[in-house]
Amino acid sequence: MCGRYVTVSKITVIEKCFNVVAPQPTGYAVRANIGPGSRAPVITNETPGELQFLTFGFTPFRAKKPMYVFNARVEDDHNKEDDPDFHGTKGIISKPMFRQSIRSKRCLVPADAYIEGPKKERLSKPHVVYQKSGERPFAFAGIRDQWVNQDTGEEVSSFAIITTAAYGVLHKIGHHRAPLILPPEAEEAWLSNDIPLGDITSLLIPGDPKSLNAYPIDPAFKNPTAEGLDLLRPTCERLIPEYDYRLSTDLKLEGMGSTTVRQRRLDFE
C-alpha cells in the first residue's frame, strides 16, 4: 500500500455506520488524498463510541523522533515473497515497534477507497481501489500509539494501517501488498479489550480475491498536496469489467458515489 486513501462519506454517515459520535465534527473534511502526516478519523478501542482524529503515520512511544510509519506488515520480515497463502509466523505480534499496539491499542480507520499503483511505478500510475459490493465506508484494521516530544512536551497520537500480502485486483495493478479491510462483523472484535490475542491474529489474513476492483486515475494524484474530488475521475476502464452499474453524476459531487449506511453501493460515470 502506497499510503494514500479516500474518505468521501459525510461525517453523519460515518457516525451512523460505525455507531459513534464525533465530539469535534469540524475536524472532519471530505478528503480524496489522505497521506502520511494528515490528521484523519479513527475509532479506538479506548473510546469505541467516539470518532477521533489522529495523525496518519505511526510513531511508537519509545521513539526518539517522529517516524510516520504508515503501514504495519502482518508478517513483518517473514513472507518475503508476499505469498497470499502464507501461513507462517505473524511477526507483527513480536516486532518491538508494534507488539504492544497490536495487543492493546487497536483502531478502525474509516475509508471509502484507497489508492494503489504498480510496485515499481507506484503513484506514477495510480488506481482507485474499492469494494465491488459497494460497501462503504468500510474500516481498515489499524494500530495506534502516543508519542511525547521530549524537547517540546507535545503529545502526538498516531496510527498505521495493517497490511497483508496482495490479493485479487492488486495483482492486476502489479502491487505486492494490500491494506487489511475488516468485514463489518469483525469490527467489534477488533476494538474489544477482552479478546484473546489468538482471535486477533486470526483476523490478520488477506481478503477475498473477488472482493475488490480498481480503475486508473490521473498521475496528478501523486502530488501529496493535490486535493479535490476530480482526482478520483477514471481515466480508463475498470480492471475487472462490471456490467451492473448505472450512470451517475454522484462522482462529481462526492467522489465515489452516494450511498446509504451499510448499503454502500458504488456509482460511477
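Quick note: structure is the one above.
Here the structure is a predicted model, which is why all the values come from computation and not from measurement.

### Things to note about the sheet that holds strand β2 (residues 31-34)
Point 1. The strand order across the open sheet formed by five strands is β2-β1-β7-β8-β13, and the pairing between neighbours is antiparallel. Of all strands in the sheet, those with a lone pairing partner are β2 and β13 (212-216), marking the two edges. Strand after strand, the sheet turns through a mean of 25 degrees between neighbouring axes, direction not considered.
Point 2. In this sheet, β13 lies alongside strand β8 (residues 127-131) in antiparallel orientation, the contact comprising five bridges. Bridge pairing in β13 links Gln131 to Leu212.

### Focus on the environment of Ile200
Point 1. Mapped onto the fold, Ile200 is located in helix α5 (residues 197-201).
Point 2. On a C-alpha basis, the gap between Ile200 and Ala186 in space is 9.6 Å, while along the polypeptide they are 14 residues apart.
Point 3. If we ignore the near neighbours within four places in the chain, the residues touching Ile200 are Ile102, Arg106, Ala189, Trp190 and Ile195.

### Re the nonpolar core
Point 1. Among the nonpolar cores identified, the biggest contains 31 residues, and Phe18, Leu51, Leu108, Ile143, Ile162 and Trp190 are the most heavily contacted of them.
Point 2. For this core, the secondary structure elements donating two or more residues are α1 (11-18), β9 (138-148), β10 (155-165) and α4 (184-191).
Point 3. The element that contributes the greatest number of residues to this core is α1, accounting for four residues.
Point 4. What Trp190 contacts, discounting residues up to four positions off in sequence, is Ile102, Arg106, Cys107, Leu108, Ala141, Gly142, Ile162, Leu182, Ile200, Leu203 and Leu204.
Point 5. With 24 residues, the next largest nonpolar core counts Tyr5, Phe159, Ile173 and Leu212 among its residues.

### Observations concerning the pairing of β8
Point 1. Of all five residues in β8, five are buried; the element is thus mostly enclosed.
Point 2. Of the two faces of β8, the one carrying His127, Val129 and Gln131 and the one carrying Val128 and Tyr130 are both buried.
Point 3. In this sheet, β8 lies alongside strand β7 (residues 113-116) in antiparallel orientation, the contact comprising three bridges. Each residue of the ladder has a partner; that of Ile115, found in β8, is Val128.

### Focus: the packing of aromatic side chains
Point 1. Throughout the structure, instances matching the rule amount to eight aromatic pairs.
Point 2. Here the aromatic cluster, defined as three or more aromatic residues joined through ring pairs, consists of Tyr5, Phe56, Phe70, Tyr114, Phe138, Phe140 and Phe159.
Point 3. Sitting above the plane of the Trp190 ring, Arg106 keeps its charged end 5.7 Å from the centroid.

### Section: α4
Point 1. Ala186, Glu187, Trp190 and Leu191 are the residues of α4 that are buried. The buried residues of α4 all sit within an arc of 135 degrees when viewed along its axis, so they share a single face. Residues of α4 that are exposed and point more than 90 degrees away from the buried face comprise Glu185 and Glu188.

### Section: the pattern of salt bridges
Point 1. A complete count under the given rule lists 11 salt bridges for this structure.
Point 2. Put simply, Arg177 and Glu75 hold a salt bridge, and the shortest N to O gap is 2.8 Å. On the criterion of sequence distance, the pair formed by Arg177 in strand β11 (residues 177-179) and Glu75 in the loop between β5 (71-73) and α2 (99-104) is long-range, its members being 102 residues apart. The residues Arg177 and Glu75 share a single accessibility class, namely buried.
Point 3. A single network of salt bridges, built from pairs that share partners, joins Arg73, Glu75, Asp82 and Arg177.

Criteria and thresholds
Residues numbered from 1 in each chain as written. Predicted model: local features only at pLDDT ≥ 70, side-chain atom pairs only at ≥ 80, totals over all residues. Heavy atoms only, no water. Pairing = 2+ DSSP bridges. Helix = DSSP H or I, 4+ residues; strand = E, 2+ residues; numbered from the N terminus. Axes fitted to C-alpha atoms, helices over the stretch in contact; angles between N-to-C directions. Contact = heavy atoms within 4.5 Å. Core = buried A, V, L, I, M, F, W, Y, C linked by side-chain atoms within 4.5 Å. Buried < 20%, exposed > 50% of the residue type's maximum accessible area, 1.4 Å probe, protein only. Phe/Tyr/Trp six-rings, centres within 6.5 Å; stacked < 30°, edge-to-face > 60°. Lys NZ or Arg CZ within 6 Å of the ring centre and 35° of its normal. Arc of directions from axis to C-beta. Salt bridge = Lys/Arg side-chain N within 4 Å of Asp/Glu carboxyl O.

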